[in-house]
Amino acid sequence: MTIMNRNHRPYDIILLGATGFTGQLTADYLIKHAPQIKLALAGRNAEKLQHIREVLLADNPNAPMPDLFVADSHNMASLKQLCSQTRTVISTVGPYAVHGEDLVAACITQQCDYVDLTGEPQFVYKMQEKYAADATKAKVKIVHCCGFDSIPHDLGVLFTLNALAQKLGHDVLAQSSVSVEGFVRGHGDISGGTWNSAISAMPDWQNFVKQRQAQYKQHYQGRDIRLIEKPTLRKLKDGWAAPLPTIDPAIVVQSARRYSHYGQKFSYAHFGVVPQLHRLAMTAAAVAGIFTLAQLEKGRTWLAKQRPSGTGPTPEDRSTHWFNVEFCASVETPQQQNVTLHTLVSGGDPGYDETAKMLAESALCLLLDKDALPAHFGIVTPAEAMGHVLINRLQKAGISFDIK
């Protein structure tokens, strides 16, 4: 198959998974905020796609009508055809460990950029191992974790280090010892897709932990860059901070390897903040029970039925949801000067509205800001792929990045 010139393809963005809950929110955001782009909605079922398009156009009567594209995440021929027609692909089709790999491979062979909202560490690591070299050679950006996992955390740390570089100087910071802690607070709900992705990942969690421990205890090009594997429970003014075992710290550490101003020595620890200790204990017990059930196929089937993919809360409920992530950075310079900085990333409903916004703005950043982006290709993090350009986009879109 001859690869069509990337600048002369029929579509700017094709969204695969448009019939799902978050997919529909992402499509609605693109139609409202980027009506100038040529958009196509893709999925397995033509009738469902037609229905979603009708719903979207009823809410946006003056918007251009997006085209429809039938493709199956397990049919490589249809995925290559899809990728050959567009400059950028958005995928909201999870669990990604089940449905995601062929699309990543197709994007690389057809040389189009890609974003998704996965928070599945095993999937991301597998894509890095199998496709990083090919994606780099093809000069495409395959960017996982462009939703609440892991945009606020990855870009929040970058924002913090950029502010420190302005204060201390890039060269001084590059020679310093840097420690950052992230504290996640919020009120919201997880989507059916996220729930099912988490359940699918749990049986292989122990292997993931071993892999992560081995990966992040290594030095990198003479720099000591590591994830704090076992941060301790601590009491804060507004509650208790407990270690948060998500993919976000691993994404932060990958970005730290790319940027020298993260320090000669860099460490990151990640916490979730709960107001009362008894609520923390109840949450831990619930997670332990879910984890135990997820080890059995029948247990995973039962859990999946409790929150089916494609479901989500009403707009009224989502309007009451919020999040913020506080970053506390400590720097020791070569001259033994100690500097601290606190920053805050905050926004509305993390699981749906803001995730759709982050995902859509990431795709628009790859599409419209290409000449201003860092020249980093391959299986890259949001900070590696888009850096401060995406921070600027998200600030204009209503997500706050502030120095406290």
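Refer to the structure above for everything that follows.
The structure presented is a predicted model; accordingly, all values stated were derived computationally and were not measured. All residue numbers here refer to positions counted from 1 along the written sequence of the relevant chain. In view of the model being predicted, local features appear only for residues whose pLDDT reaches at least 70, and side-chain atom pairs are presented and counted only at 80 or more, with totals across whole chains, interfaces and linings using the full set of residues. To get the side-chain values, all heavy atoms of the structure are used, and hydrogens and water are removed first.

## Comments concerning the overall build of the protein
Quick reminder of the rule: In this text, helices come from DSSP runs of H or I with a minimum length of four residues, and strands from runs of E with a minimum of two, each type numbered from the N-terminal end. Throughout this description, buried means an accessible area under 20% of the type-specific maximum (1.4 Å probe, protein chains only), exposed means over 50%, and partly exposed covers the range between. Contacts are residue-level and defined by heavy atoms, with any inter-residue pair within 4.5 Å sufficient. Only the protein chains shown count as cover for residues, with accessible areas throughout obtained via the Shrake-Rupley method and a probe of 1.4 Å.
A count of helical and extended segments in the protein gives 17 helices and 15 strands. Among the 404 residues that make up the protein, the fraction classed as buried is 53%. Within the protein, residue pairs in contact and separated by at least 24 positions form 80% of the contacts whose partners lie at least 6 positions apart. When the accessible surface of the protein is totalled, it reaches about 17,800 Å², and 53% of it is carbon and sulfur.

## Points about the state of the cysteines
Stated formally: Any pair of cysteine sulfurs within 2.5 Å is marked as a disulfide.
All chains considered together, the criterion is met by zero disulfides. The thiol of Cys146 is not disulfide-bonded; the next cysteine sulfur, from Cys145, is found 7.4 Å away. Classification of Cys146 by relative accessible area gives buried; the value is 0%. Left without a disulfide partner, Cys365 is nearest to the cysteine sulfur of Cys146, which lies 9.7 Å away. Residue classification places Cys365 among the buried positions, given a relative accessible area of 0%.

## Some thoughts on helix H11 (residues 248-258)
With respect to burial, H11 is a largely interior element, ten of its eleven residues being buried. Within the span of H11, buried status applies to Asp248, Pro249, Ala250, Ile251, Val252, Val253, Gln254, Ser255, Ala256 and Arg257.

## Examining the packing of aromatic side chains
Describing an aromatic ring pair means giving the distance of the ring centres and the angle of the ring planes. The cut-off we apply is this: Here is the rule: rings of Phe, Tyr and Trp (six-membered ring for Trp) pair when centre to centre is within 6.5 Å. Planes less than 30 degrees apart are stacked, more than 60 are edge-to-face, and the remainder are tilted. In this scheme, Lys NZ or Arg CZ marks a charge over a ring once it lies within 6 Å of the ring centre and within 35 degrees of the ring normal.
Per the counting criterion, the structure on display carries seven aromatic pairs. Ring geometry for Phe21 versus Tyr352: centroids 5.2 Å apart, planes at 80°, classification edge-to-face. Taken together, the residues Phe21 in helix H1 (residues 21-33) and Tyr352 in the loop between strand S13 (338-347) and helix H15 (353-368) connect sequence positions 331 residues apart. Given a relative accessible area of 0%, Tyr352 falls into the buried group. In textbook terms, an aromatic cluster arises when at least three aromatic residues are bridged by ring pairs, as seen for Tyr259, Tyr262 and Phe266. Over the ring of Phe377 we find Lys141, and its NZ or CZ is 4.8 Å from the ring centre.

## Notes on empty space enclosed by the protein
Worth spelling out the cut-off: A pocket, in this scheme, is an open set of points on a 1 Å grid over the protein atoms alone with protein on both sides within 12 Å along at least 5 of 7 lines, while a cavity is a set where a 1.4 Å probe fits but cannot get out; residues line either one if an atom lies within 4 Å of a point. Grid points are joined across faces, edges and corners, and a volume is the space filled by probe spheres set on the points. We call Asp, Glu, Lys and Arg charged. Ala, Val, Leu, Ile, Met, Phe, Trp, Tyr, Cys and Pro are nonpolar, and the rest, Gly among them, are polar.
If you walk through the whole model with that rule in mind, you get one cavity of 30 Å³ or more. Here the largest cavity is characterised by a volume of approximately 40 Å³. Surrounding the largest cavity, Val124, Gln128, His144, Cys145, Ile251, Gln254, Ile379, Val380, Thr381 and Pro382 form its lining. Taken together, the elements giving at least two residues each to the lining of the largest cavity come down to helix H6 (121-137), H11 and strand S14 (378-380). Broken down by class, the residue content of the lining of the largest cavity amounts to six nonpolar, four polar and no charged.

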